[in-house]
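What the coordinates show
The lines below spell out each chain.
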Amino acid sequence: MSTAARTTWLRELIRKPFFWGVIAIFALLALNVIKDPNYLALSVNPVNGNLVGNVVDILRASAPILMIAVGMSLVIATGGIDLSVGSVMAVSGAVAMVFMKDAGQSGSVGVALGAIGLALLVSAILGAINGVLVAYIGLQPFISTLIMMLAGRGIAKVITEGQNTSATNDPFRWIANGFVIGLPVVFLFAIIIVIIVGLVVRRSALGLMIEAIGINPKASRMAGIKPTGLLLTVYILSAVLAGVAGIMSVGTVMTVDVSRTGYQMELDAILAVVIGGTSLAGGKFSIGGAVVGALLIATLDKTIVFLGISSSATPAFKAIVIVVLCLLQSDRVRGWFVQRRKPPMLRTPSLPAEPKKQEVSA
């Protein structure tokens, strides 16, 4: 590769939003290493042979964010938004915990699969309600999913009778806490699901049709695309992935807290999607970018805890990191810095304003 081609490739890479997400992840890890040089150290548990370390914890924590971020990126690509993913997580976890508590049989794989299937079915129904309200009734996505966000917590409280509900099931717990080849099962499951979704939307016309709806719904309809069916599908998929995230979350402690499970996760999902380069205006999405954004959010959360930042200052610290990252992603901001670094003689001069023409009176 020639020097010119290498320079062009580097410039194109810098313009990718996810590139700055990767840089931010390494910057946060470097900050943690400065405090503790052994932060990135990995060790093997002599009892079970699993990997142990902060990096493993970050991968495990990123799994639920990965799920909702991928679903959110598809919804936002259509020009909509899904504010109900956190509540759907709570409903999914509540359904799974109540089902396993009533069924008993702590070692039954069938009970675990039944709980997962029922939780995902209920999540799909909630997503279908969102889809019908948006695609067929014509409500704004913000309003439709806001309604479900408020109603979902109530549904979860009804299911659990307002109590934190715990259950015991070893196969279900293994999903969130188990290891395969030394890596967390929950993260491997998340990566497999992301790959499947990515292949479906990018190796078929589905992704192009979703982007077409987000760019111009009327033009896509004239081109033969039926937005209603696609919108319904996208909202169902978002809810099902949120249900998967709920299963991952409650499986860690085998308890659902309807007031805390999935709390404000919709905000993390939106941040992850924006960091990854998906346009909030619709018409563009990046599954790989959503993965980078989810890993960044998980790394940021872990860094906040590791640095001992107080809970009152946590939102401010998180906001500062996100704002700095968004500024780095801005072409205008980067261009301003490049212009400032040039010698005065090489700077692009501003064009003088054209003189106003004086009107000549007759």
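Because the structure is a prediction, the values reported are computed rather than measured.

On to the overall build of the protein. A tally of regular secondary structure across the protein gives 15 helices and six strands. Seen along its three principal axes, the alpha-carbon backbone of the protein occupies a region of about 95 × 55 × 45 Å. Out of the 362 residues in the protein, the part that is buried amounts to 43%. Contacts in the protein between residues at least 24 apart in sequence constitute 76% of all its contacts with a sequence separation of at least 6. With an accessible surface of roughly 18900 Å², the protein has 67% of that area assigned to carbon and sulfur atoms. If the 27 positive side-chain charges of the protein are averaged to one point and the 15 negative ones to another, these points end up 10 Å apart.

What follows covers the side chain of Ser220. Inspection of the secondary structure assignment puts Ser220 in helix H10 (residues 217–222). Judged by relative accessible area, which is 3%, Ser220 ranks as buried. Every residue in contact with Ser220, bar those within four places of it in the chain, is listed here: Ala212, Ile213, Ile225 and Pro227.

In this structure's numbering, the residues bearing the UniProt feature "transmembrane region" (unreviewed entry) are residues 17–34, 55–77, 112–139, 174–201, 230–250, 270–297 and 304–330. Overall, residues 230–250 shows 100% helix and 0% strand. The separation of its end C-alpha atoms is 30 Å.

Counting 91 residues, the largest nonpolar core has Met67, Ile68, Met72, Leu74, Met97, Met100 and Phe172 as the members making the most contacts within it. Among the elements that line this core, the one with the most residues is helix H3 (residues 54–77), at 14 residues. Discounting chain neighbours no more than four positions away, the residues touching Met100 are Val111, Ala115, Ala167, Asn169, Phe172 and Met254.

Let us look at the pattern of salt bridges. Inspection of every chain in the model, using the stated rule, returns three salt bridges. Taking the shortest distance from any N to any O, the salt bridge between Arg60 and Asp57 comes out at 3.3 Å. Here Asp57 and Arg60 lie together in helix H3, a separation of three residues that amounts to about one turn. Put simply, Asp57, Arg60 and Lys302 are held in one network by salt bridges that share partners.

The next point concerns the packing of aromatic side chains. Summed over the entire model, instances satisfying the criterion amount to two aromatic pairs. Taking 5.2 Å as the distance between ring centres and 80° as the angle between the ring planes, the aromatic pair formed by Phe19 and Trp20 counts as edge-to-face. With a centroid separation of 4.6 Å and 65° between ring planes, the pair formed by Tyr39 and Phe306 is classed as edge-to-face. Of this pair, Tyr39 sits in the loop between helix H2 (17–35) and strand S1 (43–44) while Phe306 sits in helix H13 (residues 287–306); the two residues are 267 residues apart in sequence, bridging distant segments of the chain. You can call Tyr39 buried: its relative accessible area is 0%. According to the relative accessible area criterion, Phe306 is partly exposed, its value standing at 21%. The ring of Phe306 has Lys35 sitting right over it, with the charged end atom 5.1 Å from the ring centre. The positively charged end of Arg202 is found above the aromatic ring belonging to Phe285, 4.1 Å away from the centroid.

Positionally, Val52 belongs in strand S2 (residues 51–52). The sequence separation of Val52 and Pro184 amounts to 132 residues, and the corresponding C-alpha distance is 9.9 Å. Discounting chain neighbours no more than four positions away, the residues touching Val52 are Ala41, Leu42, Ser43 and Asn45.

All of the buried residues in helix H7 (residues 170–177) are Phe172, Ile175 and Ala176. Projected onto a plane normal to the axis of H7, the buried residues spread over an arc of 85° and lie on a single side. Lining the buried residues of H7 we find H3, helix H4 (85–103), helix H5 (109–137), helix H8 (185–202) and helix H11 (227–253). Between a side-chain oxygen at the N-terminus of H7 and the backbone nitrogen of Phe172 the separation is 3.0 Å; the capping residue is Asn169.

Of note, Thr145 is situated in helix H6 (residues 141–160). For Thr145, a relative accessible area of 0% translates into the label buried. Sequence separation between Thr145 and Trp9 is 136 residues, and the spatial gap between their C-alpha atoms is 40 Å. Look past the residues within four positions of Thr145 in its chain and what remains in contact with it is Ile81, Asp82, Leu83, Ser84, Asn130 and Tyr235. Among the polar contacts made by the side chain of Thr145, one reaches the main-chain carbonyl oxygen of Ile81 at a distance of 3.5 Å. A polar contact is formed between the side chain of Thr145 and the backbone oxygen of Phe142, at a distance of 3.5 Å.

Reading the values: the criteria
- Going along each chain's sequence as written, the residues are numbered from 1 onward.
- Note on the predicted model: pLDDT of at least 70 is required for a residue's local features to be given, and 80 or more for side-chain atom pairs to be given and counted; whole-chain, interface and lining totals, by contrast, use all residues.
- By convention in this description, side-chain values take in all heavy atoms of the structure and omit both hydrogens and water.
- Secondary structure elements follow DSSP: runs of H or I of four or more residues count as helices, runs of E of two or more count as strands, with numbering from the N terminus.
- Only protein chains enter the accessibility calculation, which uses a 1.4 Å probe; a residue whose area is less than 20% of its type maximum is buried, one above 50% is exposed, and one in between is partly exposed.
- Here, two residues are considered to be in contact whenever any of their heavy atoms come within 4.5 Å of each other.
- Only the protein chains shown count as cover for residues, and all accessible areas are computed by the Shrake-Rupley method using a 1.4 Å probe.
- Charge counting treats Lys and Arg as positive and Asp and Glu as negative, with His and both chain ends excluded.
- Each charge is placed at NZ for Lys, CZ for Arg, CG for Asp and CD for Glu.
- UniProt positions are given in the numbering used here, feature names are shortened, and annotations may be inferred rather than shown by experiment.
- Only buried residues count toward a nonpolar core, which is a set of Ala, Val, Leu, Ile, Met, Phe, Trp, Tyr and Cys residues joined through side-chain atoms within 4.5 Å.
- In the sections that follow, a salt bridge refers to a side-chain nitrogen of Lys or Arg positioned within 4 Å of a carboxyl oxygen of Asp or Glu.
- Stacked, edge-to-face and tilted labels apply to pairs of Phe, Tyr and Trp rings (six-membered ring for Trp) whose centres lie within 6.5 Å, assigned for plane angles under 30 degrees, over 60, and everything in between, in that order.
- Geometrically, a charge over a ring is one whose NZ (Lys) or CZ (Arg) sits within 6 Å of the ring centre while staying within 35 degrees of the ring normal.
- For this quantity, the arc is that covered by the directions from the helix axis to the C-beta atoms.
- Polar contact is the term for a pair of N or O atoms within 3.5 Å; when the atoms are in protein, one must be able to donate a hydrogen and the other to accept it, and sequence-neighboring residues count only if both atoms are side-chain atoms.

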